Amino acid sequence: MAKAQDESPATSRSPRRKTTGTGKSGSAGAARARKANAARPLVGGVGISSPDRIIDVDSGATKRRLAEFYLEVADWLLPHLRGRPLSIVRAPEGVGGETFFQRHMGRLKMPHVRQLDPSLDPKHARLLQIDEVTGILEAAQMGTVEFHTWNARSDRIDRPDRIVFDLDPDPSLPWSRMVEATCMTLDLLADFGLQARLKTSGGRGMHVIVPLTRRQDWECASGFARRITERLATEAPERIAAKMGAQNRVGKIFVDYLRNQRGASTVAAYSVRARPGLPVSVPIGREELSGLGAANRWTVDNLMQRLREQGDPWPADEPGQCITWAMRDRLRKGG
Ligand code: ATP
Ligand code: MN
């Protein structure tokens, strides 16, 4: 897991110390800065430093390539970012290097990334939000690879608008077991009258997402997610684990419902992952599941072709659903 931090480390990438004294060294500094800027190709209007630095050895992708991918995919990604508090995972040294999980601006320079009202997260620095493509590219310029979002929108932060079930397999299991667990989750939700959407995590597993109306609070949404997960584990104890920890999921799929608490985040649909091959988290239809073979099937290199050919199976603005009292009552009673 990425190291959590609010500020980028002081490295050679920090702005150089101001030179005082003779005008000579000042103008030399300015000339250096001009030269550095001239060497920065613009991607979506944002200058990309060290554009040719390889950030993923597996694919050979450069920092510039990642920025260009984000420019291409922005129309698909933005609906999943807009209006939501955001966390970013930066990997300044690329995949395999140290990563930084950040919820705040710290010292980063990203003028088109919004800083939200401090009241949304009292006693902490202001939360971030990206509403426009330039913000995505500025984040990429700052070494961001992954974009994670909250389950609520910042205009009504106390009312989550979705539940996320994160299905994590014991790594030794074949993909067919992930398909099975995903279908069991979808079927149980359907039995409660809830339609869910699917996306690959871009890593090992699947994310099952239930869009909600904003009537229920965090406690209701997270309690419901926990009870659904416990029901799954009760119905198929040999296949599904509801308890965290590698020892609890030996030979099983762990369904993680803990991402439904206030402040938790999950990688956004169409975000790249900071993993070998630069895979992407991708919305899919249920009928595609079994043919996938793996959750890291789409990458920076092949995703755009899928989008051009098939479009997006998941309208980002679809209506939410209610968790009713009757559903909660039935779950509680084990019916
Ligand atoms: P996989 O399929 O491999 O499980 P995933 O996206 O489901 O992929 P992770 O990449 O392990 O799982 O995500 C971990 C979760 O924890 C994400 O929801 C992310 O927002 C959060 N997270 C990651 N790093 C940190 C951190 N340093 N501090 C707090 N939360 C973090
Ligand atoms: Mn997961």
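Residues numbered from 1 in each chain as written. Chains lettered and ligands numbered in written order. Predicted model: local features only at pLDDT ≥ 70, side-chain atom pairs only at ≥ 80, totals over all residues. Heavy atoms only, no water.

1. Here we look at helix α3 (residues 133–141)
Phase 1 of the analysis: Most of α3 sits out of view: eight of its nine residues are buried.
Phase 2 of the analysis: The set of residues buried in α3 consists of Thr134, Gly135, Ile136, Leu137, Glu138, Ala139, Ala140 and Gln141.
Phase 3 of the analysis: On the buried face of α3, the contacting elements are β2 (42–43), β3 (46–47), α2 (63–81) and β10 (144–149).
Phase 4 of the analysis: Phi turns positive one or two residues past the end of α3, at glycine 143, with a value near 90°. (Buried < 20%, exposed > 50% of the residue type's maximum accessible area, 1.4 Å probe, protein only. Helix = DSSP H or I, 4+ residues; strand = E, 2+ residues; numbered from the N terminus. Contact = heavy atoms within 4.5 Å.)

2. Let's talk about the sheet that holds strand β14 (residues 240–241)
Phase 1 of the analysis: On the basis of which strands lie adjacent, the open sheet formed by six strands has the order β14-β15-β11-β13-β12-β17 and mixed pairing. At either margin of the open sheet sits one strand with a lone partner, and together these are β14 and β17 (283–284).
Phase 2 of the analysis: Sheet topology note: the strand β11 (residues 162–169)/strand β13 (residues 206–211) ladder contains six bridges and is antiparallel. Bridged to isoleucine 163 within β13 is valine 210. (Pairing = 2+ DSSP bridges.)

3. With respect to the domain arrangement of the protein
Phase 1 of the analysis: For the protein, the assigned domains read domain 1 (47–155) and domain 2 (158–263 + 283–333).
Phase 2 of the analysis: Computed over C-alpha atoms, the centres of domain 1 and domain 2 are 24 Å apart.
Phase 3 of the analysis: Taken together, the 19 residues of domain 1 in the interface contact 19 residues of domain 2.
Phase 4 of the analysis: Of the roughly 1800 Å² buried between domain 1 and domain 2, counting both surfaces, carbon and sulfur atoms make up 51%.
Phase 5 of the analysis: When the area that domain 1 buries against domain 2 is broken down by residue, the three leading residues are Trp76, His80 and Asn151, summing to 38%. (Domains from an automatic or database assignment. Buried area = accessible area lost by both parts, 1.4 Å probe.)

4. Some points on helix α5 (residues 218–235)
Phase 1 of the analysis: Here α5 is 18 residues long and its end C-alpha atoms lie 26 Å apart, about the 26 Å a rise of 1.5 Å per residue gives.
Phase 2 of the analysis: Trp218, Cys220, Ala221, Ser222, Gly223, Phe224, Ala225, Ile228, Thr229, Arg231, Leu232 and Ala233 are the residues of α5 that are buried.
Phase 3 of the analysis: Against the buried residues of α5 lie β11, α4 (175–191), β14, β15 (253–256) and α8 (325–333). (Expected span 1.5 Å × (residues − 1).)

5. Considering the coordination of the manganese ion (ligand 2)
By definition of the ideal shapes, a tetrahedral metal site with four donors has angles of 109.5 degrees and an octahedral site with six donors has angles of 90 or 180 degrees.
Phase 1 of the analysis: Taken together, the protein donors to the manganese ion (ligand 2) comprise Asp166 (OD), Asp166 (OD) and Asp168 (OD), at separations of 2.0 to 2.8 Å.
Phase 2 of the analysis: On the accessibility criterion, aspartate 168 (22% relative accessible area) is partly exposed. (Donors = N, O, S within 2.8 Å, 3.2 Å for Na, K, Ca; no water.)

6. Notes on the pairing of β11
Phase 1 of the analysis: Burial runs high along β11: seven of the eight residues are buried.
Phase 2 of the analysis: In the sheet, β11 pairs with β15 via four bridges, with the strands oriented antiparallel. Residue leucine 167 lies in a different strand from β15, and its bridge partner there is valine 255.

7. Some remarks on the packing of aromatic side chains
Geometrically, a pair of aromatic rings is defined through the distance of the ring centres and the angle of the planes.
Phase 1 of the analysis: The final tally for this structure, using the stated rule, is four aromatic pairs.
Phase 2 of the analysis: Centre to centre, the rings of tyrosine 70 and phenylalanine 147 are 5.1 Å apart; their planes meet at 90°, and the pair counts as edge-to-face. Placement of tyrosine 70 in helix α2 and of phenylalanine 147 in strand β10 is noted, with a sequence separation of 77 residues between them.
Phase 3 of the analysis: In textbook terms, an aromatic cluster arises when at least three aromatic residues are bridged by ring pairs, as seen for Phe69, Tyr70 and Phe147.
Phase 4 of the analysis: Across the ring face of tryptophan 298, the terminal group of arginine 297 is positioned such that the distance to the ring centre comes to 4.8 Å.
Phase 5 of the analysis: Its guanidinium or amino end placed over the ring of tryptophan 298, arginine 306 lies 4.2 Å from that ring's centre, counting from NZ or CZ. (Phe/Tyr/Trp six-rings, centres within 6.5 Å; stacked < 30°, edge-to-face > 60°. Lys NZ or Arg CZ within 6 Å of the ring centre and 35° of its normal.)

8. Side note on unusual backbone geometry
Phase 1 of the analysis: Although it is not a glycine, lysine 123 sits at a positive phi angle of roughly 70°.
Phase 2 of the analysis: Take lysine 123: it is sitting in the loop between β8 (114–115) and β9 (128–129).

9. Remarks on the nonpolar core
Phase 1 of the analysis: Membership of the largest hydrophobic core comes to 82 residues, with the highest contact counts inside it found for Tyr70, Phe147 and Phe165.
Phase 2 of the analysis: Top contributing element to this core by residue count: α2, with nine residues.
Phase 3 of the analysis: The residues that make up this core include at least three from each of domain 1 (47–155) and domain 2 (158–263 + 283–333).
Phase 4 of the analysis: When residues no more than four places from it in sequence are discounted, the contact partners of tyrosine 70 are Leu77, Ile136, Leu137, Val145, Glu146, Phe147, Tyr270, Ser271 and Val272.
Phase 5 of the analysis: Judged by nonpolar contacts, the second largest core, of seven residues, contains Leu116, Leu127, Ala152 and Ile157. (Core = buried A, V, L, I, M, F, W, Y, C linked by side-chain atoms within 4.5 Å.)

10. Some remarks on the packing of α2 against helix α7 (residues 303–310)
Phase 1 of the analysis: The contact between α2 and α7 brings their axes to 11 Å, and the two run at 35°. Here α2 runs over α7; the crossing is left-handed. Taken together, the residues of α7 that come into contact with α2 (itself represented by Phe69, Glu72, Val73 and Trp76) are Leu303, Met304 and Leu307.
Phase 2 of the analysis: In terms of residue class, the contact of α2 with α7 is built from six nonpolar, no polar and one charged. (Axes fitted to C-alpha atoms, helices over the stretch in contact; angles between N-to-C directions. Left-handed = near helix turned anticlockwise from the far one by under 90°. Nonpolar A, V, L, I, M, F, W, Y, C, P; charged D, E, K, R; others polar.)

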